Structure formats: C-alpha cells, structure tokens
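Residue-level structural notes
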Amino acid sequence: RRRLRKLPNAVNVTPVGTRLYAAPELQSATTPIVALSTNAALAVDIFSLGRMLRYMLTGLPPGMSHQQYLEKQGVLVPMLKAAVRLVRGKKGAAHPPPRVVLSPTRLSAPAKALIGLLTNKDPAVRPTASAAHGHEWLESGESPQTVRSI
C-alpha cells in the first residue's frame, strides 16, 4: 500500500463546476485561481461532499428548501408535462416519471448531523475525510433510506 508523501503547505485551486455545490470561500473568489492552505483546499471538497449527500438523500438542489421546491413544481411540472406531450405529438399521453423529493426534516438525526458538519460555513470546523468516514451515520450501517416512516 502506497502512502502519500508530505502534502504541500499550500495549493492553487481553480473553482470549477456548479457554484451551488461550491464552498462559501470559493463562491466569493474574485480570481480564477485561489491560493489556499492544503487543509482549506481539502475542506472545500468536504463542503461539496455535504451538498451532494443532502441532494442524494433528499433530492433537493443545494440552497433550496422543500417548500421552495414544491412551489416551483407547482409552476414547472405542468409546463414540462405539456412540453413532453407536444414533443410526442399526443394529447395527455406523456407523463414524465415523478421525482421523489423528501423534506430534510424526515432525515434521521445522524444523517442531518453529518450533513451539517460537512456543510459548515467555517472550513476549520469541517471534518477531514477520515473523520467523516468514521461518523455515526456511516458507522451505524443505517440503510440509505434514512427517513422516518412516511
């Protein structure tokens, strides 16, 4: 098994990807390359991991509450269904599959705690990858279905 040599003290980070998943310290960047300490650069990835975990468990895009999602669906879903019907040339026959979105309040307490740790606005408070790997929710063997009965 290979071990990493000593990590450099600082790295240059180029913010790429969807801004909604980016850590706050990258969202406020004004230059294409951001110089960060190695620990801060790793914390950036941990934040994105937390945003992705929330999305995978709830289906909610980052920065959107369950209520906001439902309000958007009230407007967008009928328009999307109509567009699908037009494209397929059939009246009322096309229905896109329903998207299951859960309120974050339905997540188990350990799952919410892990997401909260990973997405902490303070990079110094975010756990390392190995510390996150040892979190109660991952160690408990709780199934991916982390919701209380609906």
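For the structure itself, look to the data block above.
A brief look at the structure comes next. Note that the structure is predicted; figures quoted are calculated from it, not measured.

**Let's talk about the environment of Gln68**
Structurally, the position occupied by Gln68 is in helix α3 (residues 66-88). Residue classification places Gln68 among the partly exposed residues on the basis of a relative accessible area of 39%. In this structure the side chain of Gln68 is engaged in a polar contact, spanning 2.7 Å, whose partner is the backbone nitrogen of Ser65.

**Topic: the pattern of salt bridges**
Within this structure, the stated rule accounts for one salt bridge. Residue Glu25 pairs with Arg126 through a salt bridge whose shortest N-O separation is 2.8 Å. With Glu25 in helix α1 (residues 24-27) and Arg126 in the loop between α4 (109-118) and α5 (129-133), this pair connects stretches of sequence that are 101 residues apart. Since its relative accessible area comes to 6%, Arg126 is described here as buried.

**A closer look at the packing of helix α2 (residues 38-58) against α4**
In contact at an axis separation of 7 Å, α2 and α4 are set at 145 degrees when each is read in the N-to-C sense. Judged by the sense of rotation from one axis to the other, the crossing of α2 with α4 is left-handed. Across the interface between the two elements, Ile46, Phe47, Leu49, Gly50, Leu53, Arg54 and Leu57 of α2 pack against Ala111, Leu114, Ile115 and Leu118 of α4.

**A few points about the nonpolar core**
One finds Ile46, Leu53, Leu57, Leu107, Ala111, Leu114, Ile115, Leu118, Ala132 and Trp137 forming the largest nonpolar core, which totals ten residues. Secondary structure elements with two or more residues in this core: α2 and α4. One finds Ala22, Ala23, Leu26 and Ala41 within the second-largest nonpolar core, a separate group that totals nine residues.

**Focus: α2**
The end-to-end C-alpha separation of α2 is 31 Å, in line with the 30 Å expected for 21 residues at 1.5 Å each. Once α2 finishes, Gly59 follows within two positions and takes phi at roughly 85 degrees, a positive value.

**Points about the side chain of His135**
Assignment of secondary structure puts His135 in the loop between α5 and α6 (136-139). At a separation of 2.9 Å, a polar atom in the side chain of His135 contacts the main-chain amide nitrogen of Trp137. Ignoring anything within four residues of it in the chain, the contact list for His135 reads Pro110, Ala113, Leu114 and Leu117.

**Some points on the side chain of Arg51**
Within the secondary structure layout, Arg51 lies in helix α2. Among all residues touching Arg51, those that are not within four sequence positions of it are Leu20, Tyr21, Pro62, Gly63 and Thr119.

**Observations concerning α4**
Among the residues of α4, Pro110, Ala111, Leu114, Ile115 and Leu118 are the ones counted as buried. Buried residues along α4 cover an arc of 135 degrees about the axis, so they all sit on one side. Where α4 is buried, its residues touch α2, α5 and α6.

**Examining the environment of Glu25**
On the basis of relative accessible area, Glu25 is assigned to the partly exposed category, the value being 21%. For the pair Glu25 and Ala43, spaced 18 residues apart in the sequence, the C-alpha separation amounts to 9.9 Å.

The rules we used
Residues numbered from 1 in each chain as written. Predicted model: local features only at pLDDT ≥ 70, side-chain atom pairs only at ≥ 80, totals over all residues. Heavy atoms only, no water. Helix = DSSP H or I, 4+ residues; strand = E, 2+ residues; numbered from the N terminus. Buried < 20%, exposed > 50% of the residue type's maximum accessible area, 1.4 Å probe, protein only. Polar contact = N/O pair within 3.5 Å; in protein donor to acceptor, adjacent residues only side chain to side chain. Salt bridge = Lys/Arg side-chain N within 4 Å of Asp/Glu carboxyl O. Axes fitted to C-alpha atoms, helices over the stretch in contact; angles between N-to-C directions. Left-handed = near helix turned anticlockwise from the far one by under 90°. Contact = heavy atoms within 4.5 Å. Core = buried A, V, L, I, M, F, W, Y, C linked by side-chain atoms within 4.5 Å. Expected span 1.5 Å × (residues − 1). Arc of directions from axis to C-beta.

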